[in-house]
Each structure stands twice: as structure tokens, then as C-alpha cells.
Amino acid sequence: MTYPSPETLAEAGLELAVDGAVLTVTLNRPDVRNAQTPAMWRGLAAVGAAVEPDVRVVVLRGAGASFSAGLDRAMLSPSGIEGEASFPQLAAATAEEFDATIATYQEGFTWLRDPRFISIAAVQGHAVGAGFQLALACDLRVLADDAQLCMKEPALGLVPDLTGTKPLVDAVGYARALEICATARWVSAQEAYALGIGQEIVPVEGLDARVAELAAALTAAPHHAVSATKGLLQSAGDHDLAAQTAAERRAQRERFIELVTAQ
């Protein structure tokens, strides 16, 4: 598969740039603080389906002052967004139809966990609701010192449904995740770092440079070794010690075979 055309991406509010082994995806609706739409989610999923084999790092960033203000509120209005299922239409759908629609939306997020590459969210300004969940979908989060995160959905009478609940619990634990979501409060960059949501904080003016530096470091080790390690770490939470150590042995055998074959 090939990446969607620049024109198709622009219609979805996205922009793409490839620099060697680094693919940068920019949410490009700065006039609405990169509010997200179903078209954007489909665009993200299409990018994910077309990621080239030599891509080792995917950087996700927002144009302008914010990462993403979350869901485009027009989706919640009776008329909705032209060409998309409106809120009343979704509410009236059968359980199967509703499930299929949301599953399609979620595909814009799940691809960022692919073991073939490491994904980095460069978060500045607001990361609200769907924006917070998109950052959580990435493996790593570098936070600008002005970042403000919020899981807004419960305050709107909704739940986080764009794959954000598991990584939030994994990062901060059940009790803190519940408190953050149920109160829909703001989490500063400093608190997010202290809780383990972000891996580091940098001045906003140095965010892009630091992410580029991190991307370079992540591409230094052999590609297959890094992707296999990511896969092992992803499975660790679901395995007991015996299962995980067995997975390590299987992965290591593949590394041995590849290294010997390459000689």
C-alpha cells in the first residue's frame, strides 16, 4: 500500500513527512486546535496501513500551539459533520452497527502500537479527550512544559472510547486513572511526568529538536532487535514469569539466527 495523497490527507486535517527512517504525522487543523473528526481517524488508519518497512520511528505532532483539543464538537450536535454519522444516528444504530463504527474510529489509534516501529507523541498545549487518547496510543510521550492534558469525555456524559483507558491505567494505576477521568480535571506537564504519562518535559521551543534527537537515538540499534524488544515489553504485562521468559527465548533464537545468517 502507499500513503494517501497529500490532498487526501489535507482534507482529513493531516500532513505527512518522511525523513529517512522517521515518519512524521502532523494533525493540521490549527485554527480549531487540531480538533479530531472521523475523517482524521480514517486518515490516520490509512497512514498506519501504509507504513513502509524501513520506517523505524513515527512522530505524531500537532500544528500550531496545541497537540489536539479533542473531538470536534460538531460531532455532538444534532446535525453532526456533513458526510458522517451524527450523534442521534449513532444513538439510534443497532449494537452491531454502533460497535462497527467505533471500531473503525479506533483503527486510527491502534496502529501506533505496531512493534515494527516506535511511536512518539510530541505534546504541547492542549491534549484533551481524543487528543489525550491519541498521545496515550503512542509508545512514548515528550511533553512541552506548557502541556495540559484532560480526559474530558465523562464531563460530556461519555466514556473514553478511543483506546485510551488501558494505557492510562498501565501508566498511572487504576485509582489515579479513575480520578483523572471521573473528575475530567487538567493534568499539567509536570504532574503527567511525575505520574509516568510522559517520559520527559522540555521547553516548548525545544520540543521538536528534542523529539528529533530521541528519534535519532531510537534508530541507532538494529531494527529487528528494537522491534522484537518492543513486542516482548508489550506482552510482559499479560504474561506470568514462565510465559514471558519463554517468549524471551523464542525472540532471542530469532535474533541468533538472523545474526548468524547475516555473517
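Since we're looking at a predicted model, the values are computed, not measured. Note that residues are indexed from 1 along each chain, following the sequence as it is written. At least 70 in pLDDT is required for a residue's local features to be given in this predicted model, at least 80 for side-chain atom pairs to be given and counted, and no such filter applies to totals for whole chains, interfaces and linings, which use all residues. Excluding hydrogens and water, the side-chain values take into account all heavy atoms of the structure.

Engineer: Even after reading the chapter, I still don't get the sheet that holds strand β3 (residues 57–62), so can you show me in this structure?
Structural biologist: What links the strands of a sheet is backbone hydrogen bonding, and the strands pair in either a parallel or an antiparallel sense. Taken together, the six strands give an open sheet; going across it, the order is β1-β2-β3-β4-β6-β9, and neighbouring strands pair in mixed fashion. Each of the sheet's edge strands pairs with one partner strand only, and the pair in question is β1 (14–19) and β9 (200–202). Along the sheet, successive strands turn relative to each other by an average axial angle of 20 degrees, direction set aside. Strand pairing follows a simple DSSP-based rule, namely that at least 2 bridges must link the two strands. Secondary structure elements follow DSSP: runs of H or I no shorter than four residues count as helices, runs of E no shorter than two count as strands, and numbering proceeds from the N terminus. Bridge count for strand β6 (residues 140–144) against β9 is three bridges, and the pairing is parallel. Of the residues in β9, the one forming a bridge with L143 is I201. Every angle, taken between N-to-C directions, lies between 0 and 180 degrees, and every axis is a line fitted to C-alpha atoms, over only the stretch in contact when it is a helix.

Engineer: Teacher, can you tell me more about helix α6 (residues 165–172) here?
Structural biologist: Note: α-helices contain 3.6 residues per turn, so residues at a spacing of three or four share the same orientation. Taken together, the buried positions of α6 are occupied by P167, L168 and V172. Along α6, the residues classed as buried sweep out an arc of 110 degrees about the axis, all on the same side. Structural note: α6 exposes K166 and D170 on the side pointing more than 90 degrees away from its buried face. What makes two residues a contact is simply this: any of their non-hydrogen atoms within 4.5 Å. Tucked inside the fold, the buried residues of α6 contact α5 (130–137), α7 (174–183) and α8 (189–195). Only protein chains enter the area calculation, which uses a 1.4 Å probe; residues under 20% of their type maximum are buried, those over 50% are exposed, and those in between are partly exposed. Picture the helix axis, draw a direction to every C-beta atom, and the arc is the one those directions span.

Engineer: Whenever I open this one, the pairing of β6 confuses me. Can you help?
Structural biologist: Side-chain direction in a regular strand flips from residue to residue, so the side chains alternate between the two faces of the sheet. Most of β6 sits inside the fold, with four of its five residues counted as buried. Direction of pairing for strand β4 (residues 118–123) relative to β6: parallel, over a ladder of four bridges. By the bridge assignment for β6, A122 is matched with V142.

Engineer: Teacher, can you tell me more about a nonpolar patch on the surface here?
Structural biologist: Patch members must show over 30% relative accessible area and no salt bridge, and they are joined within 9 Å when carrying like charges or within 5 Å when they are nonpolar side chains of Val, Leu, Ile, Met, Phe, Trp or Tyr. Calculation of accessible area relied on Shrake-Rupley with a 1.4 Å probe; when residues are assessed, cover is drawn exclusively from the protein chains displayed. Criterion for a salt bridge: a side-chain nitrogen of Lys or Arg within 4 Å of a carboxyl oxygen of Asp or Glu. Taken together, the side chains of V169, Y174 and L178 define a hydrophobic patch exposed on the protein surface, amounting to about 300 Å² of accessible area. Mapped onto the elements of the fold, L178 is located in helix α7.

Engineer: Sorry, what's going on with the sheet that holds strand β5 (residues 126–128) here?
Structural biologist: What the three strands build is an open sheet, ordered β5-β7-β8; its pairing is mixed. The open sheet has two free edges, formed respectively by β5 and β8 (187–188), since each of these has just one partner strand.

Engineer: Mind showing me how you'd approach the packing of aromatic side chains here?
Structural biologist: Each aromatic pair joins two rings of Phe, Tyr and Trp (for Trp, the six-membered one) with centres within 6.5 Å, and gets the label stacked for planes under 30 degrees apart, edge-to-face for over 60, and tilted for any other angle. Applying the stated rule across the entire model yields three aromatic pairs. Taking the centre distance of 6.2 Å and the plane angle of 55 degrees together, the rings of W41 and F109 count as tilted. Of this pair, W41 sits in helix α2 (residues 38–49) while F109 sits in helix α4 (residues 95–110); the two residues are 68 residues apart in sequence, bridging distant segments of the chain. Members of the aromatic cluster, joined through ring pairs, are W41, Y105 and F109.

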